[in-house]
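Residue-level listing of the chains:
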Amino acid sequence: MESDQMQHTYIPPKNQPVRMVFILGNSYSGSTLLGFLLTSDPGIVFLGEIKSNVRRDKQLCSCGQVIDECTFYRQYVATFRALKESAFKKIRYFSPLRFIFRNTIKLDTETLSHIRELHSSITRRVADQYPDAAYWVDSSKSLWLLNAWLQVIPREEIKIVWIKRNLKSNIASFLKRGHAFFPSLLGAMLNKWLTAKFLSRNQLESLTVNYDHFHQHFQKEANTLSLFLKREIKLPTHDHHNHHATSGNSGTRKTFTYPFHGFRADTEWETVLSPWQKKITSWLD
Ligand SMILES: [Zn+2]
């Protein structure tokens, strides 16, 4: 047992920088769940979507505490909010369409220095609280933010994971949250196309993970993730308390305050989509 564990446990070199995992993908494609699954390795710290605003001090963090009692945010949230505000004020509303004709959007010196400051502040906070951390995970998914991170962090320090989900389930999730069918469909398809273009034009290495495989073939996805990150990703059996997400689906977040009960089959689209919506999504997927 002991030699078995030795073989599979990756021991990071001391004093290595804590690198970033950036999750790309459409909204409602399972990125929050993926972030939690990565924390089955205690050397990976999941922070949810860095782009999202931390709204209230009584908001629930995935660690099970409200923000002003959470060990990660308690004495950090004011700094974190202020740094994010300066870093994102000029770039948050970039239209994704700006990436149609460009590889990258160059940022001004002031914005770059704020982004750099935000990145080193988060990295320091993670390293202080988790001395053995190898990665922290940002599940923001947005190209404008990856575009910004790439201008202040060396490429080899960002690992990009793209989560994909079948169009029927993805669109059903949009509809459940009150979005209209056609704008959701158009947005999802455009985002997928732009993401592929951004990665290939910038010659970025990335790993694609398929949400549709989680329920029945999670081990396969876990193995490719383990190889890509050189860590040990598996089905979470117990909580290492290495996640502090305040963004994403609150139901998903709450699930992770309890022991993990496994995946549910992703079949809700069958009752959510109407017959003609099913037809259109089948044509396009
Ligand atoms: Zn927390």
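Remember, it's a predicted structure, so these values are computed and weren't measured experimentally.

**With respect to the overall build of the protein chain**
Link 1 in the chain: Of regular secondary structure, the protein chain possesses 11 helices and 5 strands.
Link 2 in the chain: Its C-alpha radius of gyration of 19 Å places the protein chain within 12% of the 19 Å reference for a compact globule of 285 residues.
Link 3 in the chain: With the principal axes as the frame, the protein chain shows a C-alpha extent of 55 × 50 × 40 Å.
Link 4 in the chain: At a minimum sequence separation of 6, the contacts of the protein chain that also span at least 24 residues come to 78%.

**Examining the nonpolar core**
Link 1 in the chain: V21, Y135, W136 and V137 are the most contacted members of the largest nonpolar core, which totals 47 residues.
Link 2 in the chain: Among residues more than four places away in sequence, those in contact with V21 are L38, Y135, V137, K159, V161 and L229.
Link 3 in the chain: One finds Y28, F174, W269 and L273 within the second-largest nonpolar core, a separate group that totals 8 residues.

**A closer look at helix α2 (residues 31-38)**
An α-helix turns once every 3.6 residues. As a result, residues three or four positions apart point the same way.
Link 1 in the chain: Where burial is concerned, most of α2 is hidden: 8 out of the 8 residues are buried.
Link 2 in the chain: Looking at the buried positions of α2, the neighbouring elements they touch are β1 (19-25), β2 (44-46), β3 (135-141), β4 (158-164), β5 (206-210) and α9 (250-255).

**Some details on the sheet that holds β2**
Link 1 in the chain: Spatial strand order, β2-β3-β1-β4-β5: 5 strands in an open sheet with parallel pairing. The open sheet has two edge strands, β2 and β5, and neither has a second partner. Taking each pair of neighbouring strands and ignoring which way they run, the sheet shows an average axis angle of 30°.
Link 2 in the chain: Here β1 runs beside β3; their pairing, made up of 5 bridges, is parallel. Residue pairing in the sheet places F22 in a bridge with D138 of β3.

**Observations regarding the packing of helix α6 (residues 167-176) against helix α11 (residues 275-284)**
Any two packed helices are characterised by the angle at which their axes cross and by the distance between the axes.
Link 1 in the chain: Two elements in contact, α6 and α11, have axes whose closest approach is 9 Å; the angle formed by their N-to-C orientations is 135°. When the axes of α6 and α11 are compared, the pair comes out oblique. Relative to α11, the crossing made by α6 is right-handed. Residues L167, K168 and I171 of α6 pack against K278, T281 and L284 of α11.
Link 2 in the chain: A breakdown of the residues in the contact of α6 with α11 according to their chemical character gives 3 nonpolar, 1 polar and 2 charged.

**What about unusual backbone geometry?**
Link 1 in the chain: Positive phi, normally seen in glycine, also occurs at K141, with a value near 70°.
Link 2 in the chain: With respect to the secondary-structure elements, K141 resides in strand β3.

**Remarks on the confidence of the model for the protein chain**
Low pLDDT means the predicted atomic positions in that stretch should not be read closely.
Link 1 in the chain: Summarising the model, the protein chain shows a mean pLDDT of 91, and 94% of its residues fall at 70 or more.
Link 2 in the chain: Confidence drops under pLDDT 50 across residues 1-8; counting only partners more than four residues distant or on other chains, this segment forms 1 contact.

**As for the environment of W283**
Link 1 in the chain: Inspection of the secondary structure assignment puts W283 in helix α11.
Link 2 in the chain: Measuring from C-alpha to C-alpha, the distance between W283 and I153 comes to 40 Å, with 130 residues separating the pair along the chain.

**Things to note about the pairing of β1**
Every regular strand shows the same layout, with side chains that alternate between the two sheet faces.
Link 1 in the chain: Of all 7 residues that make up β1, 6 are buried, and the element is covered over most of its length.
Link 2 in the chain: Direction of pairing for β1 relative to β4: parallel, over a ladder of 6 bridges. Along β4, the bridge assignment pairs F22 with I160.

**Digging into the packing of α6 against helix α7 (residues 181-201)**
Link 1 in the chain: Contact pair α6 / α7: the axes reach a minimum separation of 10 Å and the direction vectors enclose 130°. Judged by the inter-axis angle, α6 sits oblique to α7. As for how α6 packs across α7, the hand of that crossing is right-handed. Mapping the contact onto sequence places L167, N170, I171, F174 and L175 in α6 and F181, S184, L185 and A188 in α7.
Link 2 in the chain: Of the residues assigned to the contact of α6 with α7, the class counts are 7 nonpolar, 2 polar and no charged.

**Description of the environment of H261**
Link 1 in the chain: If you trace the backbone, H261 turns up in the loop between α9 and α10 (269-272).
Link 2 in the chain: Linking H261 and P236, residues 25 residues apart in sequence, is a C-alpha distance of 9.1 Å.

**What to know about the environment of Y135**
Link 1 in the chain: Of note, Y135 is situated in strand β3.
Link 2 in the chain: According to the C-beta neighbour criterion, Y135 is buried, with 22 such atoms within 10 Å.
Link 3 in the chain: In this structure, Y135 is in contact with V18, R19, M20, V21, G43, I44 and L229, ignoring residues within four places of it in sequence.

Thresholds applied
- Residues numbered from 1 in each chain as written.
- Predicted model: local features only at pLDDT ≥ 70, side-chain atom pairs only at ≥ 80, totals over all residues.
- Helix = DSSP H or I, 4+ residues; strand = E, 2+ residues; numbered from the N terminus.
- Rg over C-alpha atoms; globule rule 2.2 N^0.38 Å.
- Contact = placed C-beta atoms within 7 Å.
- Core = buried A, V, L, I, M, F, W, Y, C linked by C-beta atoms within 7 Å.
- Buried ≥ 20, exposed ≤ 12 C-beta atoms within 10 Å, placed from the backbone.
- Pairing = 2+ DSSP bridges.
- Axes fitted to C-alpha atoms, helices over the stretch in contact; angles between N-to-C directions.
- Parallel < 35°, antiparallel > 145°, perpendicular 65-115°, else oblique.
- Left-handed = near helix turned anticlockwise from the far one by under 90°.
- Nonpolar A, V, L, I, M, F, W, Y, C, P; charged D, E, K, R; others polar.
- pLDDT = per-residue confidence, 0-100.

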